[in-house]
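Close look at the chain arrangement
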Amino acid sequence: MRIGIAGITGRVGRLLVEEVQAAGATLSGGTTRKPEAASGLPQGVPLFKDMAELAANSDVVIDFTHADTVIPNAQALAAAGAAWVLGTTGLSAEQQSAVNKAAEKIAVVHAANYSPGVTLVQRLAQMMARVLPADSYDAEIVEMHHRQKVDAPSGTALAIGEAVAQGRGVKLADVRESGRDGHTGPRKEGAIGFAALRGGQIVGEHEVLFTSADEQIVLGHRAFDRRIFATGAVRAAKWVKGRKPGLYSMEDVLGLPPL
């Protein structure tokens, strides 16, 4: 199979190159905003000027680029008929709509995090939220990342929050509390809280805590190497090739049964 990489010269893009080759797939090429940064890529790897050219030469494209590219990328991939493994987070309603529309024509795997461990944390968080009453167990999500990260809370933290909200049968937007500061008053019943820490070169740490008056359950995940995201994305690319059009998740890739 032919796997293309959007943003091939980026930090994750270079790891994806190695993982595609390790998986025995054909690296069809990539796109980059910085052609001068192509040194170090395998000799002869094509660099394409845009997603349309990359999609035309690929069976699956892995895309960890930026939310601003989602709409044109969705259109190009749908037109070419190439499957899409998307790891971009922080999408607007319009951008998510473009992903959904593309999934009517091609197979799309969209996940905030391609680590199998994080995927299981999300599933367990949803199960715990379903069992532990919101009026007795306060849900808090704490994440920490490297100092260069520009968004907070992380996309993974928000995905875990979505899982908790689904387990409780509520919308995250209605119960989310982030970055408490000053005289905030008592904690709102049923709230899902977020705290974001930044420092050093931490790849990613996430914890979801359910705390009652009598006990606390802590579910956590630590990524030691961002290669885990590349390995998971290539696993998703191999899985999605030949699938019928639709929007899939990493849970589908891992074969988890529906709750």
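Note that the structure is a prediction, hence the values are computed from the model and not measured.

This part covers the sheet that holds strand β10 (residues 204–211). Taking strand neighbours across the sheet as the criterion, the five strands line up as β8-β9-β7-β10-β11 in an open arrangement whose pairing is mixed. Each edge of the open sheet is held by one strand with a lone partner, namely β8 (176–178) and β11 (216–223). Put simply, the sheet's adjacent strands are angled 15 degrees from each other on average, direction ignored. Bridge count between strand β7 (residues 138–145) and strand β9 (residues 192–198): seven bridges; the pairing is parallel. When the sheet's bridge partners are listed, E140 is paired in β9 with G193. Sheet strands touched by helix α5 (residues 116–131): β10 and β11. Its angle to β11, the strand with the most contacts, is close to 165 degrees.

This part takes up helix α8 (residues 227–240). Under the 1.5 Å per step criterion, the end-to-end length of α8 is 20 Å for 14 residues, consistent within 8% with the ideal 20 Å. Turning to α8, its buried residues are F229, A230, G232, A233, V234, A236, A237, W239 and V240. Immediately beyond the C-terminal end of α8, within one or two residues, lies G242, with a positive phi of roughly 85 degrees.

A few words on the nonpolar core. Within the largest apolar cluster, 30 residues are counted, with the highest numbers of intra-cluster contacts made by I62, V85, V109, Y114 and V240. Elements represented by at least two residues in this core include exactly β1 (2–6), α1 (11–22), β4 (60–63), β5 (83–86), β6 (107–110), α8 and α9 (250–254). Here this core gets seven residues from one element, more than from any other, and that element is α8. Setting aside anything within four residues of it in sequence, one finds V240 in contact with V60, A83, V85, A107 and V109. If you look at the next biggest cluster of nonpolar residues, it comprises 20 residues, including M51, V61, W84 and A98.

Moving on, we come to the sheet that holds β1. Read across the sheet, seven strands follow the order β3-β2-β1-β4-β5-β6-β12 without closing on themselves; strand pairing throughout is parallel. The open sheet terminates on both sides in strands that have one partner only, identified here as β3 (47–48) and β12 (246–248). Across the sheet, helix α3 (residues 70–80) touches β4 and β5, and the angle it forms with β5 is around 155 degrees.

This part is about the packing of aromatic side chains. Applying the stated criterion across every chain, the model contains two aromatic pairs. Taking 5.2 Å as the distance between ring centres and 80 degrees as the angle between the ring planes, the aromatic pair formed by W239 and Y248 counts as edge-to-face. When sorted by exposure, W239 lands in the same class as Y248, which is buried. When the ring centre of F194 is taken as reference, the NZ or CZ atom of R176 above it lies at 5.6 Å.

With that settled, consider the pattern of salt bridges. According to the stated counting rule, one finds ten salt bridges in the structure shown. Residue E251 is joined to R123 by a salt bridge in which the shortest nitrogen-to-oxygen separation is 2.9 Å. Here R123 lies in helix α5 and E251 lies in helix α9, a separation of 128 residues in the sequence. Residue E251 shares its accessibility class with R123, and that shared class is buried. Where E140 meets R187, a salt bridge forms, and the shortest distance between an N and an O atom there is 2.6 Å. Linking E140 in strand β7 with R187 in the loop between β8 and β9, this pair joins segments that are 47 residues apart in sequence. A network of salt bridges, in which partner residues are shared, links D138, E140, E177, R180 and R187.

With that out of the way, let us pick up the packing of α5 against helix α6 (residues 155–168). The relative placement of two packed helices comes down to the angle between their axes together with the axis-to-axis distance. Their axes nearest at 7 Å, the elements α5 and α6 cross at an angle of 30 degrees. As far as their axial angle goes, α6 and α5 are roughly parallel. Here α5 runs over α6; the crossing is right-handed. Where α5 approaches α6, its residues V118, V121, Q122, A125, Q126, A129 and R130 are matched on the opposing element by T156, A159, I160, A163, V164, Q166, G167 and R168. Taken together, the residues that form the contact of α5 with α6 break down as eight nonpolar, five polar and two charged.

Reading guide: rules and limits
Residues numbered from 1 in each chain as written. Predicted model: local features only at pLDDT ≥ 70, side-chain atom pairs only at ≥ 80, totals over all residues. Heavy atoms only, no water. Pairing = 2+ DSSP bridges. Helix = DSSP H or I, 4+ residues; strand = E, 2+ residues; numbered from the N terminus. Axes fitted to C-alpha atoms, helices over the stretch in contact; angles between N-to-C directions. Contact = heavy atoms within 4.5 Å. Expected span 1.5 Å × (residues − 1). Buried < 20%, exposed > 50% of the residue type's maximum accessible area, 1.4 Å probe, protein only. Core = buried A, V, L, I, M, F, W, Y, C linked by side-chain atoms within 4.5 Å. Phe/Tyr/Trp six-rings, centres within 6.5 Å; stacked < 30°, edge-to-face > 60°. Lys NZ or Arg CZ within 6 Å of the ring centre and 35° of its normal. Salt bridge = Lys/Arg side-chain N within 4 Å of Asp/Glu carboxyl O. Parallel < 35°, antiparallel > 145°, perpendicular 65-115°, else oblique. Left-handed = near helix turned anticlockwise from the far one by under 90°. Nonpolar A, V, L, I, M, F, W, Y, C, P; charged D, E, K, R; others polar.

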